[in-house]
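Here is how the chains run, residue by residue.
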Amino acid sequence: MSTKPEIETILPTQVAESLERKEKLHIIDVRERNEIALGRIPGAKHLPLGEVLTRLDDLDKDKEYIMVCRSGNRSGLAAEWLADKGFKVKNMTGGMNDWESETE
């Protein structure tokens, strides 16, 4: 039995602070379209959970991705899948439920 990779986490406040400092972040929001319509982190790329593994070619293994969903569960799953494929990922704990900064 293989062990799940340990996924690094990041808090919504840390993501917001990095964005305020104009750091270049690669954020992937794995929520569904109807959820995205309610607002997403500025600059976040929309990649629904169901498409993550079929769209690996859209991603760059040299970049680190921050995975986001509503609560942190689906993004955690997506982060595990991507880490398994050799991508550098972090999961934003608490998801958009805990996001207090601006949305687009």
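Here goes a summary of the coordinates provided. Every value quoted in this text rests on a predicted model; they were computed, and no experiment measured them.

In this section: the overall build of the protein. If you tally the helices and strands in the protein, you get three helices and five strands. The N-to-C order of helical and strand elements in the protein reads β-α-β-α-β-β-α-β. For the protein, the C-alpha radius of gyration of 13 Å lies close to 13 Å, the compact-globule estimate for 104 residues. Every one of the 104 residues in the protein was classed for burial, and the buried ones make up 43%. Nonlocal contacts in the protein, meaning residues at least 24 apart in sequence, comprise 64% of its contacts between residues at least 6 apart. Of the roughly 6300 Å² that the protein leaves accessible, carbon and sulfur atoms contribute 45%. When the 16 basic and 20 acidic side-chain charges of the protein are each reduced to a single mean position, those positions are 3 Å apart.

Right, let's talk about the side chain of Lys-90 for a bit. Structurally, the position occupied by Lys-90 is in strand E5 (residues 88-92). When neighbours within four sequence positions are excluded, Lys-90 is seen to be in contact with Ile-7, Glu-8, Ile-10, Glu-64, Tyr-65, Ile-66 and Met-67.

Turning next to the pattern of salt bridges. According to the stated counting rule, one finds nine salt bridges in the structure shown. Between Arg-70 and Glu-35 there is a salt bridge; the shortest N-O distance is 4.0 Å. Taken together, the positions of Arg-70 in the loop between strand E4 (64-68) and helix H3 (73-84) and Glu-35 in helix H2 (residues 33-36) put the pair 35 residues apart, joining distant regions of the chain. Residue class for Arg-70 comes out partly exposed when judged on its relative accessible area of 43%. Since its relative accessible area comes to 13%, Glu-35 is described here as buried. A single salt-bridge network, built from bridges that share partners, covers Glu-8, Glu-64 and Lys-90.

Taken together, the five strands give an open sheet; going across it, the order is E1-E5-E4-E2-E3, and neighbouring strands pair in parallel fashion. For this open sheet the edge positions go to strand E1 (8-10) and strand E3 (45-46), each flanked by a neighbour on one side alone. In the sheet, E4 pairs with E5 via four bridges, with the strands oriented parallel. Within the sheet, the bridge partner assigned to Glu-64 lies in E5 and is Lys-88. Strands E1, strand E2 (26-29), E4 and E5 of the sheet are contacted by helix H1 (residues 12-20), whose axis makes an angle of about 70 degrees with E1. Sitting on the sheet, H3 touches E4 and E5, and the angle it makes with E5 is about 170 degrees.

Here is what the cut-offs are and how they apply
Residues numbered from 1 in each chain as written. Predicted model: local features only at pLDDT ≥ 70, side-chain atom pairs only at ≥ 80, totals over all residues. Heavy atoms only, no water. Helix = DSSP H or I, 4+ residues; strand = E, 2+ residues; numbered from the N terminus. Rg over C-alpha atoms; globule rule 2.2 N^0.38 Å. Buried < 20%, exposed > 50% of the residue type's maximum accessible area, 1.4 Å probe, protein only. Contact = heavy atoms within 4.5 Å. Areas by Shrake-Rupley, 256 points an atom, 1.4 Å probe, with all protein chains shown as cover. Lys, Arg positive; Asp, Glu negative; His and termini not counted. Charge placed at Lys NZ, Arg CZ, Asp CG, Glu CD. Salt bridge = Lys/Arg side-chain N within 4 Å of Asp/Glu carboxyl O. Pairing = 2+ DSSP bridges. Axes fitted to C-alpha atoms, helices over the stretch in contact; angles between N-to-C directions.

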